Amino acid sequence: MRFITQVSRVLVGALFIFSGFIKLNDPVGFSFKLDEYFGVDVLNLPFLQPFALAIAVFVVILEVLLGVALLIGFKRKLTSWLLLLMIVFFTFLTFYSAYFNKVTDCGCFGDAIPLTPWQSFGKDVVLSILILIIFFNQQYINPILRKSANIAVMAFSLVACSLFGNHVLNHLPAIDFRAYAVGKSISEGMKSAEELGVQATEYGTIYVMKNTSTGEEKKISSKAYVDEKWWENKEWEMLSDKTETVVLVHGYEPPVHDFVMTLEDEDITDQVLNMPAVFLVISYKMEITDDEAYAKINEFAGKAEAATIPLYGVSASLPEVVDQKRHELQTPFPYGVMDETTLKTIVRSNPGIVLLKHGRVAAKWHHNDLPDFAEVQKEYL
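Residues numbered from 1 in each chain as written. Predicted model: local features only at pLDDT ≥ 70, side-chain atom pairs only at ≥ 80, totals over all residues. Heavy atoms only, no water.

## Overview of the environment of Leu115
Consideration 1: With respect to the helices and strands, Leu115 occurs in the loop between helix H4 (76-99) and helix H5 (117-135).
Consideration 2: Sequence separation of Leu115 and Phe21 is 94 residues, and the distance between their C-alpha atoms is 17 Å. (Helix = DSSP H or I, 4+ residues; strand = E, 2+ residues; numbered from the N terminus.)

## Focus on the environment of Ala179
Consideration 1: Looking at the secondary structure, you find Ala179 in the loop between helix H6 (147-170) and helix H7 (186-189).
Consideration 2: Taking the C-alpha atoms as reference points, Ala179 and Ser315, separated by 136 residues in sequence, lie 19 Å from one another.
Consideration 3: Setting aside residues up to four positions removed in sequence, Ala179 forms contacts with Lys184, Pro255 and Val256. (Contact = heavy atoms within 4.5 Å.)

## Notes on a negative patch on the surface
Consideration 1: A cluster of acidic side chains, namely Glu264, Asp265, Glu266, Asp267 and Asp270, defines a negative patch on the protein surface.
Consideration 2: Mapped onto the elements, Asp267 comes out in strand S6 (residues 266-267). (Patch = residues over 30% accessible without salt bridge, like charges linked within 9 Å, V, L, I, M, F, W, Y side chains within 5 Å. Areas by Shrake-Rupley, 256 points an atom, 1.4 Å probe, with all protein chains shown as cover. Salt bridge = Lys/Arg side-chain N within 4 Å of Asp/Glu carboxyl O. Lys, Arg positive; Asp, Glu negative; His and termini not counted. Charge placed at Lys NZ, Arg CZ, Asp CG, Glu CD.)

## Considering the packing of aromatic side chains
Consideration 1: If you walk through the whole model with that rule in mind, you get 18 aromatic pairs.
Consideration 2: Ring centres 6.0 Å apart and planes at 35° place the aromatic pair Phe92 and Tyr96 in the tilted group. Here Phe92 pairs with Tyr96, and both are found in helix H4, just 4 residues apart, close to one helical turn.
Consideration 3: Residue Phe92 is classed as partly exposed on the basis of its relative accessible area, which comes to 45%.
Consideration 4: Here the aromatic rings of Phe135 and Phe136 are separated by 5.2 Å at their centres, their planes lie at 90°, and the arrangement is edge-to-face.
Consideration 5: Since its relative accessible area comes to 13%, Phe135 is described here as buried.
Consideration 6: The exposure class of Phe136 is exposed, given its relative accessible area of 59%.
Consideration 7: Geometry around Phe30 places Lys23 over its ring, the cationic atom sitting 5.5 Å from the centre.
Consideration 8: Above the face of the Phe32 ring, Lys344 is positioned so that its terminal group lies 4.5 Å from the ring centre. (Phe/Tyr/Trp six-rings, centres within 6.5 Å; stacked < 30°, edge-to-face > 60°. Buried < 20%, exposed > 50% of the residue type's maximum accessible area, 1.4 Å probe, protein only. Lys NZ or Arg CZ within 6 Å of the ring centre and 35° of its normal.)

## A closer look at the pattern of salt bridges
Consideration 1: All chains considered together, the criterion is met by 13 salt bridges.
Consideration 2: Residues Lys303 and Asp372 are paired through a salt bridge, measuring 3.2 Å at the closest nitrogen-oxygen approach. A residue pair is termed long-range when its members are at least 10 positions apart, and Lys303 in helix H11 (residues 294-306) and Asp372 in the loop between strand S11 (360-366) and helix H14 (373-380) qualify at 69 residues.
Consideration 3: By relative accessible area, Lys303 is classed as partly exposed at 33%.
Consideration 4: Overall, the relative accessible area of 33% leaves Asp372 in the partly exposed class.
Consideration 5: Sharing partners across several salt bridges, the network here consists of Asp176, Arg178 and Lys364.

## Some words on the side chain of Ser317
Consideration 1: Within the secondary structure, Ser317 sits in the loop between strand S8 (311-315) and helix H12 (319-329).
Consideration 2: Given the relative accessible area of 8%, Ser317 is considered buried.
Consideration 3: Only 2.8 Å separates the side chain of Ser317 from the backbone nitrogen of Met286, close enough to count as a polar contact.
Consideration 4: The contact partners of Ser317, leaving out residues within four places of it in the chain, are Tyr284, Lys285, Met286, Glu287 and Val322. (Polar contact = N/O pair within 3.5 Å; in protein donor to acceptor, adjacent residues only side chain to side chain.)

## Regarding the pairing of S8
Across a regular strand the side chains alternate sides, sitting on one face of the sheet and then on the other.
Consideration 1: With 5 of 5 residues buried, S8 lies mostly within the body of the structure.
Consideration 2: Pairing between strand S7 (residues 278-282) and S8: 4 bridges, direction parallel. Residue pairing for S8: Ile282 is matched across the bridge by Val314.
Consideration 3: Both S8 and strand S9 (residues 335-337) contribute to a ladder of 3 bridges, which runs parallel. Bridging across to S9, Val314 finds its partner in Gly336.
Consideration 4: Regarding the hand of the β-α-β motif, the stretch spanning S8, H12 and S9 is right-handed. (Pairing = 2+ DSSP bridges. Right-handed = clockwise from strand over helix to strand, strands pointing away.)

In structure tokens form, the structure reads like this:
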């Protein structure tokens, strides 16, 4: 049992460090996922949504620290209990998400390794088994360093995680795994499986039918519903709230979804993607944008206009909200509309600035890092 416990220790410790670091690289992205979980239609904990970012940072740092503590044998009893409590909570969360089809990606490994809800649940089940082995065999988890050295390692890990987390929060993720990373072509990412000549993912619909007499429930496919004319059978009724969409064939799905930009109700997506160069000032929600950033952005916009480089603001907020904030911030550029999730995915900054060249992401900046226009012109234009 000692050997199995040591193997479990290494696997769980390494996985917790890897998972925590991946999310610590992009805590804003993980906070968006937590915000989704806290929503009314998922866990119904809306009072936690304003604290999603703080909770995200705390959870990912704790995840890394628990992985380190397990590997070096620091405070084995406390570490085992915290690991058990954390995995019980996340196993419940991933099961709930998968069974009720509430959240399509748990965010366990950020954007680096997307998992389906059931894959996430399966991963947590395996982890639960490994952690239970560790929990019931704590006597085999011994420190690999002296007490003072263990404390030093934990202190260093905490400081390093805190500094790294603070850096990416005030700038951008150190590693960008998203479809809008610098160098990626949005135009190419939008191409369908048919355009690329590959197998597309195929979806189907599953209906739940309930027998009005016996209460029996039966799942049937949409094809069977039509072929067998279930609507004619008055003994059965459809439970529309239990309708599911399932994957029939796993295939290619375009990594870029919902990149559609409108300006004054006109779709200008193709126009923007075909421009030799265009700046997008992205603020997914104008209500909570960083107002202090706009003095520098407005100056940048003026220089872009002088250089005849198009620049648009883009937001998902209501037009009246955008108009009010534009007036308050004195922004000298027009604002287009785009899906909020897409804007959150493009750049982890509110506001953030993106430079596109012929539909390819040439550069992007957190508002704290916006360089002088002359530098941008020299390097990118």
